[in-house]
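Below, each chain spelled out in residue letters.
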Amino acid sequence: MGKLVLLFLTQLLHYVKQVRFEANVQKEIYFDANGYTQPIYDVINWQVTPKGSVNFIKVGTFDTAAPRGNDLVINVSAILWKDISQKPSRSVCSESCLPGYRKVGRRGEPDCCFDCLPCSAGEIANQSDSTECVKCPDDQWPNHRRDKCVPKEVEFLTFSEPMGALLASVAVTGSLLPFTILLIFIKHKDTPIVKANHRALSYVLLLALAFCYLCPLMFMGPPRIWTCMLRQAAFGIMFTFSLSCILAKTTVVVFAFKATKPNSQLKRCVGHKLPNVVVFLCTLLQVMLCTSWLTNWPPFPEKIMTSQLGKIIIECNEGSTKAFWCMLGYMCLLVGISFVIAFLARKLPDSFNEAKHITFSMLVCGSVWISFIPAYLSTRGKHMVAVEIFAILASSTGLVVCMFAPKCYIILLRPNMNTKLYLLGSGTTKTRLNKTIVAHRF
């Protein structure tokens, strides 16, 4: 019996699938392969009358067989809203995303349900309901609303900003210090304290230190080809010349000390030529190093666009970091040699204590540049430039103050100590030693 019923239903389904007719809505009705028809729905608006009754008014249709976009037809003018003074109600799941945001769909919910997320750093969305954000060019950055790309801020150390103005003021003011000391030395050039400290060498040393103070001015402002090429080389050569003068002073002190011993062969080595040779050779090596650097790997201005968000850092690419550190290492080598020699000569008579001054000045200078290395490597942009400028000013100040402040104190405030008798001291050995040192200073 069951088999007969199944056979009957199968045959009936076969004939049902063949049924096609037109309904009173002027639409053909038929069944698909699964036995389903394509329904048409009426959209009904419940309209409450002033008397309290409800009228059901057809305001549209929904045809499931119509193409997408034409399936729903609504007569908006036939709709009676609950409050006619208000705008029609909005049938949405999520509000539109404003420019600067992108749409992210919610898992398991319809397409009209989404979240609005702000664009990531460096991206914008200049339209509403954007599904993706657009990345700005390398030289531009989104504005605060992230709906437009604007040029990035350019960063370099300028004279107008507080830090640059302060460093420039210190550099210019500091350069007056060695010039002032030079004038004091020239005015008192015939006094024993000036003569005993190798007068000519002191003059050129003070001039070199004055120019060292002015070198940081080339580090400020927008980097250009000529400033990038000259700033490191100019300071390196000038500061090396200063250290060479100090090394020459130290060498003369030691040689003069050794020359006091009987039958010493160093007496003929102590004179005007020795400090000149030391200064020339030590400076020449740095000049050759900087010349090779500028010829083969010249520094140049460079724009770094990805180091900091929203900024373009303009700085000088040193061309060759090895050449830069070789230049700096050579200066540190001269500092170390001067320190060791001056330290060994620290037991000279108290009336002639320039070796002690050199020892302390080299200790200060070496400490500054050793501290400079980690600070320089851990900064970028204008702060890296400021670190190097500070090191230049600090080391130059250390040399000027430690070496010449005691002499200026004696010249200006203790003239009784600025006499030949005081400088030579008393005692046969001490007098002979001081006479030898003073005599070989000229």
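Residues numbered from 1 in each chain as written. Predicted model: local features only at pLDDT ≥ 70, side-chain atom pairs only at ≥ 80, totals over all residues. Heavy atoms only, no water.

S.K.: Where do I start with the overall build of the protein in this structure?
M.R.: Counting secondary structure elements, the protein contains eleven helices and 14 strands. A separation threshold of at least 6 residues defines the contact pool for the protein, and within that pool the share at least 24 residues apart is 59%. Accessible surface computed for the protein: about 25900 Å², of which carbon and sulfur atoms make up 63%. (Helix = DSSP H or I, 4+ residues; strand = E, 2+ residues; numbered from the N terminus. Contact = heavy atoms within 4.5 Å. Areas by Shrake-Rupley, 256 points an atom, 1.4 Å probe, with all protein chains shown as cover.)

S.K.: How do you make sense of the state of the cysteines when you look at a structure like this?
M.R.: A covalent bond between the sulfur atoms of two cysteines is what we call a disulfide. Evaluated as defined, the whole model comprises five disulfides. At a sulfur-sulfur separation of 1.9 Å, the disulfide partner of Cys 228 is Cys 316. The sign of the S-S torsion, about -75 degrees, decides the handedness of the disulfide formed by Cys 228 and Cys 316: left-handed. Placement of Cys 228 in helix α5 (residues 225-259) and of Cys 316 in strand β14 (residues 311-317) is noted, with a sequence separation of 88 residues between them. Here the two residues Cys 228 and Cys 316 agree in accessibility, since each one is buried. Sequence-ordered numbering of the bonded cysteines in the protein gives a disulfide pattern of 1-3, 2-4, 5-6, 7-8, 9-10. (Disulfide = S-S within 2.5 Å. Buried < 20%, exposed > 50% of the residue type's maximum accessible area, 1.4 Å probe, protein only.)

S.K.: Could you clarify how one ought to interpret unusual backbone geometry in this entry?
M.R.: What is expected of a backbone is that most residues other than glycine have negative phi and most peptide bonds are trans. Even without being glycine, Asp 129 reaches a positive phi, approximately 55 degrees. Locating Asp 129 in the fold gives a position in the loop between β8 (123-124) and β9 (134-135). Even without being glycine, Arg 146 reaches a positive phi, approximately 60 degrees. Along the polypeptide, Arg 146 turns up in the loop between β10 (140-142) and β11 (149-151).

S.K.: Please clarify how the side chain of Lys 152 should be interpreted in this entry.
M.R.: Mapped onto the elements, Lys 152 comes out in the loop between β11 and β12 (153-155). One buried charged residue, Lys 152, remains without a salt bridge, the closest side chain of opposite sign being Asp 138 at 6.0 Å. A polar side-chain atom of Lys 152 sits 2.9 Å from the main-chain carbonyl oxygen of Asp 138. (Lys, Arg positive; Asp, Glu negative; His and termini not counted. Salt bridge = Lys/Arg side-chain N within 4 Å of Asp/Glu carboxyl O. Polar contact = N/O pair within 3.5 Å; in protein donor to acceptor, adjacent residues only side chain to side chain.)

S.K.: Teacher, can you tell me more about the pattern of salt bridges here?
M.R.: Any two side chains of opposite charge can pair, given that their charged atoms come close. Within this structure, the stated rule accounts for nine salt bridges. Between Arg 106 and Asp 115 there is a salt bridge whose closest N-O contact spans 3.0 Å. Take Arg 106: its relative accessible area is 31%, and that puts it in the partly exposed class. Shared partners join several salt bridges into a network, and the residues in it are Arg 106, Glu 109 and Asp 115.

S.K.: Would you mind going over the environment of Ile 341 with me for this structure?
M.R.: Examined against the element boundaries, Ile 341 turns out to sit in helix α7 (residues 321-344). Separated by 94 residues in sequence, Ile 341 and Leu 247 have C-alpha atoms that sit 8.4 Å apart. Here Ile 341 is in contact with Leu 247, Thr 250 and Val 254, once residues within four sequence places are set aside.

S.K.: Explanation requested: the sheet that holds strand β5 (residues 72-74) in the structure shown.
M.R.: Read across the open sheet, the three strands follow the order β3-β4-β5; overall the sheet is antiparallel. Taken across any chain shown, the strands that pair with only one partner, and hence form the sheet edges, are β3 (40-48) and β5. On average, each strand axis in the sheet is tilted by 30 degrees relative to the strand beside it, whichever way the strands run. Bridge count for β3 against strand β4 (residues 54-63) is nine bridges, and the pairing is antiparallel. Within β4, the residue paired with Ile 44 across the bridge is Lys 58. (Pairing = 2+ DSSP bridges. Axes fitted to C-alpha atoms, helices over the stretch in contact; angles between N-to-C directions.)

S.K.: Just to check I follow, could you spell out the confidence of the model for the protein for this structure?
M.R.: If pLDDT is low for a region, its predicted coordinates should not be looked at in detail. For the protein, per-residue confidence averages 82 on the pLDDT scale, and 79% of positions sit at 70 or higher. Ranking the elements of the protein by mean pLDDT puts helix α11 (residues 428-439) last, at 45, and helix α2 (residues 162-187) first, at 94. Low confidence marks residues 426-442, where pLDDT is under 50. Its contacts with residues over four positions away, or in another chain, come to 41 contacts. (pLDDT = per-residue confidence, 0-100.)

S.K.: Would you mind going over the packing of aromatic side chains with me for this structure?
M.R.: Any two aromatic rings considered together are summarised by their centre-to-centre distance and by the angle between their planes. The tally for this structure, following the rule as stated, stands at 13 aromatic pairs. Pairing Phe 235 with Trp 369 gives two aromatic rings, centres 5.7 Å apart and planes at 35 degrees, and the pair type is tilted. Of this pair, Phe 235 sits in helix α5 while Trp 369 sits in helix α8 (residues 354-377), placing them 134 residues apart in sequence. Summarising the burial analysis for this pair, Phe 235 and Trp 369 share the class buried. (Phe/Tyr/Trp six-rings, centres within 6.5 Å; stacked < 30°, edge-to-face > 60°.)

S.K.: What's the story with α7 in this structure? I'm lost.
M.R.: Along an α-helix, residues three or four positions apart point the same way, because every turn accommodates 3.6 residues. Taking 1.5 Å of rise per residue, 24 residues should cover 34 Å, and α7 covers 34 Å from first to last C-alpha, within 8% of that figure. Where α7 is concerned, the buried positions are Ala 323, Phe 324, Met 327, Leu 328, Tyr 330, Met 331, Leu 334, Val 335, Ser 338 and Ala 342. (Expected span 1.5 Å × (residues − 1).)

S.K.: Any chance you could explain the packing of α7 against α8 here in plain terms?
M.R.: For any two helices packed against each other, one specifies the inter-axial angle together with the distance between the axes. It is the contact of α7 with α8, at a shortest axis distance of 8 Å, that shows an interaxial angle of 150 degrees. Between α7 and α8, the angle falls in the class roughly antiparallel. Of the two elements, α7 crosses α8, and the hand of that crossing is left-handed. Residues Phe 324, Trp 325, Leu 328, Cys 332, Val 335, Ser 338, Phe 339, Ala 342 and Phe 343 of α7 pack against Ala 355, Ile 358, Thr 359, Met 362, Leu 363, Cys 365, Gly 366, Trp 369, Phe 372, Ile 373, Tyr 376 and Leu 377 of α8. For the contact of α7 with α8, the per-class residue count stands at 18 nonpolar, three polar and no charged. (Parallel < 35°, antiparallel > 145°, perpendicular 65-115°, else oblique. Left-handed = near helix turned anticlockwise from the far one by under 90°. Nonpolar A, V, L, I, M, F, W, Y, C, P; charged D, E, K, R; others polar.)

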